[in-house]
Amino acid sequence: MNPMNPNTFNEFAVRGQTFDQTGYDEGLRQHMLQVYNYMVGGLAVTGLVAYFAATNLGLMQLLFGTPLKFVVMLAPLAFVLVLSFGLHKLSLPTTQALFWAFSVVMGLSIASIFIVFTHTSIARVFFISAAMFGSMSLWGYTTKRDLTNFGAFLMMGLFGLVIAGFINVFLGSSGLQFVVSMGGVLIFTGLAAYDTQQIKEIYAEGWGQEGNGKLAVMGALNLYLTFINLFMSLLNLLGDRE
């Protein structure tokens with residue numbers, strides 16, 4: 001029995017009953033729609049908060065001109081850790097609230113892009129990122145190929161990317177920054193497909209509305225993070241600076 005096969009989860013959940021493929025497929029479509037709705041909603045909240053903060057000079061000075069900047073920088077990571085490790089203990093409303101709070105904090109943390117880059121180039125890169133992400137996510141959803149090994153390779157690349165980015169904080173090398181940004185585009189484009197397939201494969205009707213509701217939030221969080229990182233990598237490569 002393949003534990004990553006969605007039919008296996010469903011068969012286990014409704015043991016002794018006839019498997020309804022049509023009902024399962026419809027439930028999966030609704031689940032994926034919910035994931036994408038959360039993701040798009042989170043991105044919209046982040047964008048609005050980032051733009052509002054960037055147009056408020058007093059708020060920007062408070063956020064990035066005081067020690068509060070460290071809180072703003074680290075807060076998104078704290079939310080991700082709480083959601084990831086506390087998912088089974090959290091209720092669905094709490095999980096949803098944390099996701100929206102994360103989207104707000106993330107908006108504050110990236111607000112400086114509206115000062116560093118022109119608004120036109122931000123919009124252009126956003127639509128490029130959306131097209132790349134959307135096409136790869138669709139492929140990840142429809143492909144019959146198992147992307148597990150591909151995902152493991154991407155995660156190793158991501159680990160190396162984080163190390164290189166950390167080193168460049170001290171070196172300040174434009175060449176290394178270019179390499180990191182290019183690597184980010186390649187890795188996060190691939191992760192769009194891998195993450196989508198993983199969300200599809202762990203869906204199970206038998207987990208119930210609340211269980212799948214929390215899975216939808218976490219799936220949206222994974223796709224959100226992949227999109228944001230792809231967007232930021234492309235912005236560093238293609239964005240026009242003020």
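As shown above, the structure is provided for reference.
Quick summary incoming for the structure in this document. Bear in mind the structure is a predicted one, so any value in this text is a computation, not a measurement. (Residues numbered from 1 in each chain as written. Predicted model: local features only at pLDDT ≥ 70, side-chain atom pairs only at ≥ 80, totals over all residues. Heavy atoms only, no water.)

**Focus: the overall build of the protein chain**
Of regular secondary structure, the protein chain possesses ten helices and zero strands. Of the regular secondary structure in the protein chain, the N- to C-terminal order runs α-α-α-α-α-α-α-α-α-α. Surface exposure of the protein chain reaches about 13,100 Å², of which carbon and sulfur atoms provide 69%. (Helix = DSSP H or I, 4+ residues; strand = E, 2+ residues; numbered from the N terminus. Areas by Shrake-Rupley, 256 points an atom, 1.4 Å probe, with all protein chains shown as cover.)

**Remarks on the pattern of salt bridges**
For the structure shown, the criterion picks out two salt bridges. Linking Arg124 and Asp240 is a salt bridge whose minimum nitrogen-to-oxygen distance equals 3.5 Å. In this pair, Arg124 is assigned in helix H7 (residues 119-142) and Asp240 in the segment after helix H10 (208-238), connecting sequence segments 116 residues apart. (Salt bridge = Lys/Arg side-chain N within 4 Å of Asp/Glu carboxyl O.)

**Examining helix H9 (residues 174-202)**
Between the first and last C-alpha of H9 there are 41 Å, a value that for 29 residues agrees with the 42 Å anticipated at 1.5 Å per step. Between the side-chain oxygen of the N-cap and the backbone nitrogen of Gly175 there are 3.4 Å, and the N-cap of H9 in question is Ser173. (Expected span 1.5 Å × (residues − 1). Polar contact = N/O pair within 3.5 Å; in protein donor to acceptor, adjacent residues only side chain to side chain.)

**Some remarks on the environment of Phe117**
In this structure, Phe117 sits in the loop between helix H6 (113-116) and H7. Using a relative accessible area of 5% as the deciding quantity, one classes Phe117 as buried. Note: C-alpha distance between Phe117 and Asp240 (123 residues apart in sequence) is 5.5 Å. Contacts of Phe117, omitting those with residues within four sequence positions, involve Ile122, Leu235, Asn236, Gly239, Asp240, Arg241 and Glu242. (Buried < 20%, exposed > 50% of the residue type's maximum accessible area, 1.4 Å probe, protein only. Contact = heavy atoms within 4.5 Å.)

**Describing the packing of helix H8 (residues 148-171) against H9**
Angle between the axes and distance between the axes are the two parameters that describe a pair of packed helices. H9 packs onto H8 with a crossing angle of 150° between their chain directions and a minimal axis gap of 9 Å. Here H8 lies roughly antiparallel to H9, going by the angle between them. Note that H8 runs across H9; the crossing there is left-handed. The residues of H9 that touch H8, namely those facing Thr148, Phe150, Gly151, Leu154, Met155, Gly157, Leu158, Leu161, Ala164, Gly165, Asn168 and Leu171, are Leu176, Gln177, Val180, Gly183, Gly184, Ile187, Phe188, Gly190, Leu191, Tyr194, Gln197 and Gln198. (Axes fitted to C-alpha atoms, helices over the stretch in contact; angles between N-to-C directions. Parallel < 35°, antiparallel > 145°, perpendicular 65-115°, else oblique. Left-handed = near helix turned anticlockwise from the far one by under 90°.)

**What to know about the layout of surface pockets**
Of the pockets and cavities examined, the largest pocket occupies roughly 1,800 Å³. The class makeup of the residues in the lining of the largest pocket is 24 nonpolar, 16 polar and two charged. (1 Å grid on protein atoms, 1.4 Å probe; cavity = no way out; pocket = protein on both sides within 12 Å on 5 of 7 lines; lining within 4 Å. Points joined across faces, edges and corners; volume = space filled by probe spheres on them. Nonpolar A, V, L, I, M, F, W, Y, C, P; charged D, E, K, R; others polar.)

**Overview of H8**
In a regular helix each residue adds 1.5 Å, so 24 residues correspond to 34 Å; H8 covers 35 Å between its end C-alpha atoms and thus fits that length. Of all the positions in H8, only Gly151, Leu154, Leu158, Leu161, Ala164 and Asn168 are classed as buried. Considering only its buried residues, H8 is in contact with H9. Note on H8: the residue one or two positions beyond its end, Gly172, has a positive phi of about 65°.

**Re the packing of aromatic side chains**
All told, the structure shown has eleven aromatic pairs when counted by the stated rule. An angle of 65° between the planes, with centres 5.3 Å apart, marks the rings of Phe102 and Tyr224 as edge-to-face. You can see Phe102 sitting in helix H5 (residues 92-109) and its partner Tyr224 sitting in helix H10, a full 122 residues away along the chain. Note on Phe102: relative accessible area 0%, which makes it buried. The rings of Tyr38, Phe99, Trp100, Phe102 and Tyr224 are connected pair by pair, giving a single aromatic cluster. In this structure, Lys200 packs its charged tip against the face of Tyr141, placed 4.7 Å from the ring centre. (Phe/Tyr/Trp six-rings, centres within 6.5 Å; stacked < 30°, edge-to-face > 60°. Lys NZ or Arg CZ within 6 Å of the ring centre and 35° of its normal.)

Scope: geometric values only; no functional claims are made or implied.
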